[in-house]
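Structure assessment
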Amino acid sequence: MKKQPLHIKRDKVVITIKDLEKSFGKHQVLKGLDLDVFKGENVVVLGRSASGKSVLIKIIAGLMFADKGKVNVLGEDVAKLKMKDLDELRLKIGFSFQGSALYDSMTLRENLEFPFLRSRKNADKPNMETTIKEVLEDVQLLEAIDQLPAELSGGQKKRAGIARTLMLRPEIILYDEPTSGLDPITSVEIIKLINEVQKKYSTSSIIITHDLTCAKNTGDRIAMLVNGKFISNGTFDEVFKTSNPDITGFYNYNFIND
Amino acid sequence: MDTKVIPFNKIKKAFDEVYEVYRFIMRFFKEAFLPPYEFKEIIKQCYYIGYKSVALISLTGFITGIVFTKQSRPSLAQFGATSWLPSLIGIAIIRALAPLITALIAAGKIGSNIGAELGSMNVSEQIDAMEVSGSKPFKFLVVSRVIATTLMVPALMMYNGVVGILGSYLNVHNNEMTSFKNYITDAFSSISFLDITSSVIKALVYGFTIGMVGCYKGYNTTQGTQGVGKAANSAVVVSMFLVFIEEMIIVQIVNSIRPV
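Residues numbered from 1 in each chain as written. Chains lettered and ligands numbered in written order. Predicted model: local features only at pLDDT ≥ 70, side-chain atom pairs only at ≥ 80, totals over all residues.

1. A few points about the overall build of chain A
Our working definition: Per the convention used, a helix needs a DSSP run of H or I reaching at least four residues, while a strand needs a run of E reaching at least two, with both numbered from the N terminus. Here the radius of gyration uses the C-alpha set of atoms, whereas the globule reference equals 2.2 Å times the residue count to the power 0.38. The exposure label follows from counting other C-beta atoms within 10 Å of a residue's C-beta, where the C-beta atoms are placed from the backbone and the thresholds are 20 or more for buried and 12 or fewer for exposed, leaving partly exposed in between. With C-beta atoms placed from the backbone, a contact is any residue pair whose C-beta atoms sit within 7 Å.
Helices and strands together make up the secondary structure of chain A, namely nine helices and ten strands. Whereas a compact globule of 258 residues would reach a radius of gyration of roughly 18 Å, chain A reaches 18 Å, a difference of no more than 12%. Principal-axis analysis of the C-alpha atoms gives chain A an extent of 55 × 45 × 40 Å. Within chain A, the fraction of its 258 residues that count as buried is 43%. The long-range fraction of contacts in chain A, counting pairs at least 24 apart against all pairs at least 6 apart in sequence, stands at 67%.

Structure follows, in structure tokens:
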């Protein structure tokens, strides 16, 4: 299913992470991470639950701050930005949450309108309507436009969450566990959608997951996070062609126990 | 002295909490005055907080008026002073009962609702989702709700006072056959401009407190669904406690400036 990395521009780095550390109390979650994400590239951060994967993308989006190290997104040092500048940068970063985080008091249409209206001072309504219909067609949810999030299935919610991020035409999308809690067929649909979004919108992405099928089929590159450090970084085959027990164990557990 | 007995961690935590509350309040004032303004959301919240509370406020105001009149009559009757009932009820309702009862009802209904709603949005990452899309959730969620409670609690208080006086009138009319005109004239003859102003100011303070406490508790919810319950519960407890403290302080101030 996964393509060759046709769109990756290796001369342009969109995210740079240098020596990133983060602790919660006495527990150090991230222990000096380094990572570059190139324009048009899908990087999968693979790791066990509670390994700090979500913390990493929350730091990238400026929802948390690191104790040490640097995160540079589209040329901006996230930690040093003023609130106004951070908000502007965030318009270029889409964030697809694990639980979709749809606003449950709003219909799907209102969920999509919400960031659009607030990010554009003179949002023109026909343009907004066209954008809403286009992104909903892309995620195949046009028929659910007037439904509330409670009326959507798990897979539809994930699609709706992705649609909401696409409203602002982000350059980078951060996916937090995009296939968690979904059946295998719906997972494959979401995987296809992630790849379609990458192609159509020319996005660069970091995909956080512990699902090897998702990692293999969406990632141009895999970064394996174990005990707060990236222990391997490369294509899926490069990462898993190893005798490192932390990696082989992860691989075997995913497939043997499925 | 054994330093281990002193709970330094708890003291530090308490000071940290006070500092966080201070920052939250300052952020409210900063964001409330800076554009863009969420007028549509403020009106929506005024509708939910104000209009949707009218039935409850009507019922409590009406019952308070009747019950207070019934309870006061025997004491006044001992001195043959039942004609003072309208004045007594007017003063009691306008000065104390209407603001306090409205505030307690609002703390229970509106404060818990805000705490639970924002808490649930927080644990389901909806607030983070607004934050990462540059949608300024503090302005949309907190500023609009605090402004709405600050405006609506005084309006509900005035309405509660009117309904309470009407309830009282029905009881007085039933027993003493007093006309509506005489009752209203007597009830308002003892009420001064200071009484009405101080009640409105009280209600403004209570409304601000209830909105702010509910938003603070909800916006800072942790620990998942259990945290949502805690946020709703503590929003009610803390705002009721603060309302009583504020009542005491405002009454002291008003009494010190009231002409003897």
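2. A few points about the sheet that holds strand E4 (residues 68-73) of chain A
By definition, the strands of a sheet pair up through backbone hydrogen bonds, in either a parallel or an antiparallel sense. The criterion, for reference: Any two strands with at least two DSSP-identified bridges between them are counted as paired.
Across the sheet, four strands lie side by side as E2-E1-E4-E5 (chain A); this open sheet has antiparallel pairing. At either end of the open sheet lies a strand with only one pairing partner, and these are strand E2 (27-39) and strand E5 (76-77) of chain A.

3. Let's talk about the confidence of the model for chain B
Residue and element names in this part refer to chain B. Threshold: Every residue carries a pLDDT, the predictor's confidence in it, which falls somewhere between 0 and 100.
Looking at chain B as a whole, its pLDDT mean stands at 94, while 98% of the residues score no less than 70. No element of chain B has a lower mean pLDDT than helix H1 (residues 8-33), at 92, and none a higher one than helix H8 (residues 193-219), at 97. Across the interface, the model reports ipTM at 0.89; the global pTM reads 0.89.

4. Focus on helix H6 (residues 137-176) of chain B
Residues and elements named next belong to chain B. What counts, and what does not: Each residue after the first adds 1.5 Å to the expected span of a helix. Bend, in this description, refers to the angle at a residue between axes fitted to the seven residues ending there and the seven starting there.
Spanning 40 residues, H6 covers 56 Å between terminal C-alpha atoms, matching the ideal 58 Å at 1.5 Å per step. Of all the bends in H6, the greatest, near 25 degrees, is centred on Val143. Within H6, 28 of the 40 residues are buried, which leaves the element mostly enclosed by the surrounding structure. Looking at the residues trailing H6, positive phi occurs at Met177, about 55 degrees.

5. A closer look at unusual backbone geometry
Most peptide bonds take the trans configuration, and most residues that are not glycine carry a negative phi. In this chain, B:Pro35 is followed by B:Pro36 through a cis amide linkage whose omega measures 0 degrees. Along the polypeptide, B:Pro36 turns up in the loop between H1 and helix H2 (39-49). Phi is positive for A:Arg169, which is not a glycine, with a value near 50 degrees. We classify A:Arg169 as partly exposed; it has 14 C-beta atoms within 10 Å. The backbone of A:Asn227 sits at a positive phi, close to 50 degrees, despite the residue not being glycine. One can find A:Asn227 in the loop between strand E9 (221-226) and strand E10 (229-234). By the C-beta count within 10 Å, which is 13 here, A:Asn227 ends up partly exposed.

6. Description of the sheet that holds E10(A)
Residues and elements named next belong to chain A. Heads up, the rule is: Lines fitted to C-alpha atoms define the axes here, with helix axes fitted over just the stretch in contact, and angles between the N-to-C directions of these axes take values from 0 to 180 degrees.
Taken together, six strands build an open sheet; the order of strands is E6-E7-E8-E3-E9-E10 and the sheet is mixed. With one partner strand each, in any of the chains shown, strand E6 (93-96) and E10 form the two edges of the open sheet. Sheet twist, expressed as the mean angle between neighbouring strand axes with direction ignored, is 15 degrees. Examined bridge by bridge, strand E3 (residues 42-47) and E9 share five bridges and lie parallel to one another. Residue pairing across strands places Gly47 opposite Leu225, the latter belonging to E9. Of the strands in this sheet, E6 and strand E7 (172-176) are in contact with helix H5 (residues 154-166), which crosses E6 at around 170 degrees.

7. Things to note about the interface of chain A and chain B
Inclusion rule: Residue polarity is assigned by list, with Asp, Glu, Lys and Arg as charged and Ala, Val, Leu, Ile, Met, Phe, Trp, Tyr, Cys and Pro as nonpolar; anything else, Gly included, falls into the polar class.
Taken together, the contacts link 17 residues of chain A with eleven residues of chain B. Those elements giving two or more residues to the side of chain A that touches chain B turn out to be helix H2 (83-90), E6 and helix H3 (108-119) of chain A. The element best represented in the side of chain A that touches chain B is H3(A), accounting for four residues. Of the residues contributing to the side of chain A that touches chain B, the split by class is eleven nonpolar, two polar and four charged.

8. Some points on the domain arrangement of chain B
Residue and element names in this part refer to chain B. Test applied: Residue ranges labeled as domains rest on an automatic or database domain assignment.
Domain assignment breaks chain B into domain 1 (1-34) and domain 2 (39-257). Tallying the contact residues gives seven residues for domain 1 and eight residues for domain 2. Split by residue class, the side of domain 1 that touches domain 2 holds five nonpolar, no polar and two charged.

9. Concerning the nonpolar core
Across soluble globular proteins, nonpolar side chains show a tendency to be buried alongside one another. Heads up, the condition is: Here, a nonpolar core denotes buried Ala, Val, Leu, Ile, Met, Phe, Trp, Tyr and Cys residues that are linked to one another through C-beta atoms within 7 Å.
Grouped together as the largest cluster of nonpolar side chains are 123 residues, with contacts concentrated most on A:Val45, A:Ile60, A:Ala163, A:Leu174, A:Ile206 and B:Val153. Here this core takes 19 residues from helix H4 (residues 85-123) of chain B, the largest share from any one element. When near neighbours in sequence (up to four residues on either side) are disregarded, A:Val45 contacts A:Lys53, A:Leu56, A:Ile206, A:Ile208, A:Ala223 and A:Leu225.

10. Structural notes on the packing of H1(B) against H6(B)
Residues and elements named next belong to chain B. Keep this limit in mind: Each angle gets one of four labels, with under 35 degrees taken as roughly parallel, over 145 as roughly antiparallel, 65 to 115 as roughly perpendicular, and the rest as oblique.
At a minimum axis distance of 10 Å, the contact between H1 and H6 shows a crossing angle of 95 degrees. Considering the angle they form, H1 stands roughly perpendicular to H6. Contacts between H1 and H6 pair Arg27, Phe28, Glu31 and Ala32 from the former with Phe138, Lys139, Val142, Val143, Val146 and Ile147 from the latter. In the contact of H1 with H6, the residues fall into seven nonpolar, no polar and three charged.

11. Topic: the environment of B:Thr185
All names here are of chain B. By the element assignment, Thr185 lies in helix H7 (residues 180-189). Judged by the 11 C-beta atoms lying within 10 Å of it, Thr185 is exposed. Spatially, the C-alpha atom of Thr185 lies 45 Å from that of Glu31, the residues being 154 residues apart in sequence.

12. Description of the pairing of E4(A)
All names here are of chain A. Alignment of strand E1 (residues 9-24) against E4, held across five bridges, turns out to be antiparallel. Counterpart to Glu21 in the pairing with E4 is Lys68. Across two bridges, the pairing between E4 and E5 is antiparallel. Paired with Val73 across the two strands is Glu76, which belongs to E5. Between the end of E4 and the start of E5, which pair antiparallel, lie two residues, with Leu74 showing a positive phi angle near 50 degrees.

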